[in-house]
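Architecture at a glance
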Amino acid sequence: MDEVVAGIDIGGTKIAIAIETLAGERIAARRLPTQVKIGAYAIIENVLQSITEILEDKQVKLAAIGIGCPSPLDIEKGLVISPSNLQNWDNFPIVKLFKKRFNVPIVLENDANTATLGEYNYGAGRGFKNIVYITVSTGVGGGIIINGEIVHGVGWGAGELGHTIVQPDGVRCNCGSIGCLETICAGVHIARRAKMRLAGGEPSLMNELVLNINEVTAKTVVEAVRKKDQLASEIWTETCRFLAIGIANIITLIAPEAIIIGGGVASAGELLFAPLRSFLPQFVSMIPLEKVAVLPAELGGESGVCGALALAKQVYLESYQVYEV
Ligand code: ADP
Ligand code: ZN
């Protein structure tokens, strides 16, 4: 019976499951909605059931599992603590539930780090050893890989680029700090500034793109920028400038070979990358920027589940070594 690994990416709206052989052949992929109302135990039971069905259907044997999940997590104890987008997942023993059902090596990692590992192993980060991944989506998250390893740091908290301070006299962030990168560049905060200025009566095409000001999203802002709207362009330029400051700081600290940017807001494409690349030289003085590739992520919504697969393979190989030596 062929041995396979499972990668699971748990999100606030959907859960992605992928099964691959150890040689890297994808034999199954499933997406389940995160039915928040049924609760954490029932949600995970559905995931366990799906994996069991795939294993029976394909007649393969599970060798290891990688799980990506929104933080905060207690990675050592295998617990989900209380993520803001997974209500009532307080001290939820996710690893124990998987272990009880499958009894194979299991690794839990935060979802930004699994996305980073996904891009590193399967996406825009292939071929590099040191990368920083940034997701600019509803929030701003990130992960750092140095010499092929995720940097965890004390409390497993490293890599939270969204919560580095870029505007100390700015807006309070969900995390409690003031002026985090997230409070300017996250989709919700791009939309917040647009709504505020529209409510103040400033003229803009954005009024015509939505029925009600409250429906404005980061995507609306980008649509209006493409139509040369002045207000949207001001908000967007500010977003790109602060993103450049956040990225410049991390480049100066780490000097990575590549910065990879994903997430819904990054699907603006060159509209984001062109200003970003032109702002960066203003804010980086100590590192040869021409040696730092600034690249779009390649895997879209798949990066997390791909990283979970990579982790599963890694934990399988490590446990194999432990048993054999
Ligand atoms: P999540 O945060 O749930 O992972 P996404 O990565 O899709 O979801 O990010 C959602 C954010 O991306 C929203 O703020 C949305 O307005 C924004 N967005 C989606 N498409 C685009 C686009 N083409 N250009 C700019 N922003 C976009
Ligand atoms: Zn913050």
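Residues numbered from 1 in each chain as written. Chains lettered and ligands numbered in written order. Predicted model: local features only at pLDDT ≥ 70, side-chain atom pairs only at ≥ 80, totals over all residues. Heavy atoms only, no water.

1. What to know about the sheet that holds strand S1 (residues 3–10)
- Taken in spatial order, the 5 strands make up an open sheet running S3-S2-S1-S4-S7, and their pairing is mixed. Strands at the two margins of the open sheet, each flanked by one partner only, are strand S3 (26–33) and strand S7 (106–110). Averaged over all pairs of adjacent strands, the angle between strand axes in this sheet comes to 15°, irrespective of strand direction.
- In terms of strand pairing, S1 meets strand S2 (residues 14–21) through 7 bridges, oriented antiparallel. Paired with Gly-7 across the bridge in S2 is Ala-18.
- Across the sheet, helix H1 (residues 40–58) touches S1, S2, S3 and strand S4 (61–69), and the angle it forms with S3 is around 155°.
- Taken strand by strand, helix H3 (residues 111–122) contacts S1, S2, S4 and S7, and its axis lies near 105° from that of S7. (Pairing = 2+ DSSP bridges. Helix = DSSP H or I, 4+ residues; strand = E, 2+ residues; numbered from the N terminus. Axes fitted to C-alpha atoms, helices over the stretch in contact; angles between N-to-C directions. Contact = heavy atoms within 4.5 Å.)

2. Concerning the site of ligand 1
- Close contacts around ligand 1 come from Ser-137, Thr-138, Gly-187, Thr-217, Ala-218, Lys-219, Val-222, Gly-263, Gly-264, Val-265, Ser-267 and Ala-268, and that covers them all.
- Between ligand 1 and the protein, one listed contact pairs an oxygen atom with a backbone N or O atom of Lys-219 at 3.3 Å.
- When residues of the shell around ligand 1 are assigned to their parent elements, the largest contribution, 3 residues, is made by helix H7 (residues 218–226).
- The class makeup of the residues in the shell around ligand 1 is 4 nonpolar, 7 polar and 1 charged. (Near = heavy atom within 4 Å. Polar contact = N/O pair within 3.5 Å; in protein donor to acceptor, adjacent residues only side chain to side chain. Nonpolar A, V, L, I, M, F, W, Y, C, P; charged D, E, K, R; others polar.)

3. Structural notes on the sheet that holds strand S11 (residues 258–262)
- Pairing is mixed in the open sheet, where 5 strands are placed in the order S10-S9-S8-S11-S12. Edge positions in the sheet fall to strand S10 (149–150) and strand S12 (293–296), since each has one partner strand and no second.
- As paired strands, strand S8 (residues 131–136) and S11 are joined by 5 bridges and run parallel to one another. Across the sheet, the residue bridging to Ile-131 is Ala-258, located in S11.
- Set on the sheet, H3 makes contact with S8, strand S9 (140–146), S10 and S11; between it and S9 the angle comes to about 55°.
- Taken strand by strand, helix H9 (residues 270–283) contacts S11 and S12, and its axis lies near 165° from that of S12.

4. Details of the nonpolar core
- Of all hydrophobic cores here, the largest spans 49 residues; its most connected members are Met-206, Val-221, Trp-236, Ile-247, Ile-259, Ile-261 and Leu-272.
- Mapped by element, the contributors of at least two residues to this core are S8, S9, helix H4 (182–185), helix H5 (187–199), H7, helix H8 (230–254), S11 and H9.
- Ignoring anything within four residues of it in the chain, the contact list for Leu-272 reads Trp-236, Cys-240, Leu-243, Ile-261 and Ala-266.
- With 37 residues, the next largest nonpolar core counts Ile-15, Ala-28, Ile-67 and Leu-97 among its residues. (Core = buried A, V, L, I, M, F, W, Y, C linked by side-chain atoms within 4.5 Å. Buried < 20%, exposed > 50% of the residue type's maximum accessible area, 1.4 Å probe, protein only.)

5. Observations concerning the packing of H1 against helix H2 (residues 94–102)
- At a minimum axis separation of 11 Å, H1 and H2 run at an interaxial angle of 35°. The two elements H1 and H2 meet at a crossing, and its hand is right-handed. Each of Tyr-41, Ile-44, Glu-45, Val-47, Leu-48, Gln-49, Ile-51, Thr-52 and Leu-55 in H1 lies in contact with H2, whose residues at this interface are Ile-94, Leu-97, Phe-98, Arg-101 and Phe-102.
- Tallied by class, residues from the contact of H1 with H2 come to 10 nonpolar, 2 polar and 2 charged. (Left-handed = near helix turned anticlockwise from the far one by under 90°.)

6. Observations regarding the domain arrangement of the protein
- According to the domain assignment, the protein consists of domain 1 (3–110 + 308–324) and domain 2 (124–297).
- Counting from both sides, the interface comprises 5 residues of domain 1 and, opposite them, 5 residues of domain 2.
- Counting each side, the surface lost to burial between domain 1 and domain 2 is near 410 Å², with a carbon and sulfur contribution of 40%.
- Three residues stand out in domain 1 for area buried against domain 2, namely Ile-75, Glu-76 and Glu-109, and they jointly supply 66% of the buried area on that side. (Domains from an automatic or database assignment. Buried area = accessible area lost by both parts, 1.4 Å probe.)

7. A few points about H1
- Helix length check: H1, at 19 residues, gives a terminal C-alpha distance of 27 Å against a target of 27 Å (1.5 Å per residue), a fit within 8%.
- Ala-40, Ile-43, Ile-44, Val-47, Leu-48, Ser-50, Ile-51, Ile-54 and Leu-55 are the residues of H1 that are buried. All buried residues of H1 lie within an arc of 155° about the axis, which places them on one face of the element. Exposed side chains of H1 directed beyond 90 degrees from the buried face belong to Tyr-41, Glu-56 and Asp-57.
- In this structure, the buried residues of H1 make contact with S1, S2, S3, S4 and H2.
- Gln-59 sits one or two positions beyond H1 and adopts a positive phi of about 55°. (Expected span 1.5 Å × (residues − 1). Arc of directions from axis to C-beta.)

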